[in-house]
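Listed below are the residues making up each chain.
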Amino acid sequence: AQTVTQSQPEMSVQEAETVTLSCTYDTSESDYYLFWYKQPPSRQMILVIRQEAYKQQNATENRFSVNFQKAAKSFSLKISDSQLGDAAMYFCAYRTGRDDKIIFGKGTRLHILP
Amino acid sequence: DSGVTQTPKHLITATGQRVTLRCSPRSGDLSVYWYQQSLDQGLQFLIQYYNGEERAKGNILERFSAQQFPDLHSELNLSSLELGDSALYFCASSVKTTGHYNEQFFGPGTRLTVL
């Protein structure tokens, strides 16, 4: 069975600094997707970034980028120039290429210090 | 606003009772997914419907059931409620075009409190 592990329950970063959130996953499949979702205090689930396993190039969305290490089954999220609005729970997530079921990690709560 | 609507926003009920959560997908989306977010279990997939038919099942309890109606809205029925069923229940929807990636758009969730 596929699993997603986030080893950092909480992290803090100074405003305008860079922070990296870690995620590892376990799968025997070769075709899958990885995601980072943001859940602010409003509880809305917001897709931050997506990575297809077949793509070697790391995905980037503005201040958000990932470091995808397929062999190591590692998928970290880097947030540059952290802003107060980035404060949220961040979930690493996995989806196979066969079906649409998303498996989530336990989450990392990110605090932004002014 | 994702375009997915869920009602009610909050629900407070007692143990042993039955409740129905409703979800309206984005216009044009054929697939509906239900997820449960609880303190104990985290965020977990419950069930998926595609165009009225059950497509995938996750860790959904036998006391829970769901359906998708011809107008594509979906309902999640929770019965014989227990304290541990208190959670945030999300609905998500996607277009579901075979062979292509389909982003799941999440609704705002229904907060269920069982007393």
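So, here is what we can say about the structure in this document. (Residues numbered from 1 in each chain as written. Chains lettered and ligands numbered in written order. Predicted model: local features only at pLDDT ≥ 70, side-chain atom pairs only at ≥ 80, totals over all residues. Heavy atoms only, no water.)

**Overview of the overall build of chain A**
Step number 1: When you go through chain A residue by residue, the secondary structure sums to 0 helices and 12 strands.
Step number 2: Its helices and strands in sequence order give chain A the pattern β-β-β-β-β-β-β-β-β-β-β-β, from N to C terminus.
Step number 3: Taken over the C-alpha trace, chain A has a radius of gyration of 14 Å; the compact-globule value for 114 residues is 13 Å, and the two agree within 12%.
Step number 4: The principal-axis extent of the C-alpha atoms belonging to chain A is close to 40 × 25 × 20 Å.
Step number 5: A sequence separation of at least 24 residues applies to 56% of the contacts in chain A between residues at least 6 apart.
Step number 6: Between the mean site of the 13 positive side-chain charges and the mean site of the 12 negative ones, chain A shows a separation of 4 Å. (Helix = DSSP H or I, 4+ residues; strand = E, 2+ residues; numbered from the N terminus. Rg over C-alpha atoms; globule rule 2.2 N^0.38 Å. Contact = heavy atoms within 4.5 Å. Lys, Arg positive; Asp, Glu negative; His and termini not counted. Charge placed at Lys NZ, Arg CZ, Asp CG, Glu CD.)

**Points about the nonpolar core**
Step number 1: The biggest cluster of nonpolar side chains holds 27 residues, and the ones touching the most others in it are Tyr25(A), Trp36(A), Phe75(A), Leu77(A), Tyr90(A) and Leu110(A).
Step number 2: Put simply, the parts of the chain that give this core at least two residues each are strand 2 (10–14), strand 3 (19–21), strand 5 (32–39), strand 6 (46–52), strand 8 (64–69), strand 9 (74–79), strand 10 (88–96) and strand 12 (108–113) of chain A.
Step number 3: Looking at which element gives the most residues to this core, the answer is strand 10 of chain A, with 4 residues.
Step number 4: When near neighbours in sequence (up to four residues on either side) are disregarded, Tyr90(A) contacts Gln6(A), Leu21(A), Trp36(A), Tyr37(A), Lys38(A), Val48(A), Phe64(A), Leu77(A), Ile79(A), Gly107(A), Thr108(A) and Leu110(A).
Step number 5: Formed by 20 residues, the second largest nonpolar core is a distinct cluster that contains Trp34(B), Leu46(B), Leu112(B) and Val114(B). (Core = buried A, V, L, I, M, F, W, Y, C linked by side-chain atoms within 4.5 Å. Buried < 20%, exposed > 50% of the residue type's maximum accessible area, 1.4 Å probe, protein only.)

**Topic: the packing of aromatic side chains**
Step number 1: This model, assessed by the stated rule, comprises 16 aromatic pairs over all chains.
Step number 2: When the ring of Trp36(A) is compared with that of Phe75(A), the centres are 6.3 Å apart and the planes differ by 20°; the resulting orientation is stacked. With Trp36(A) in strand 5 and Phe75(A) in strand 9, this residue pair connects regions lying 39 residues apart in the sequence. Accessibility assignment for this pair places Trp36(A) and Phe75(A) in one class, buried.
Step number 3: Following the ring pairs from residue to residue traces out a cluster consisting of Tyr33(A), Phe35(A), Tyr37(A), Phe91(A), Phe104(A), Tyr35(B), Phe45(B), Phe90(B) and Phe106(B).
Step number 4: The side chain of Arg26(B) reaches across the aromatic face of Phe105(B), ending 3.7 Å from its centre. (Phe/Tyr/Trp six-rings, centres within 6.5 Å; stacked < 30°, edge-to-face > 60°. Lys NZ or Arg CZ within 6 Å of the ring centre and 35° of its normal.)

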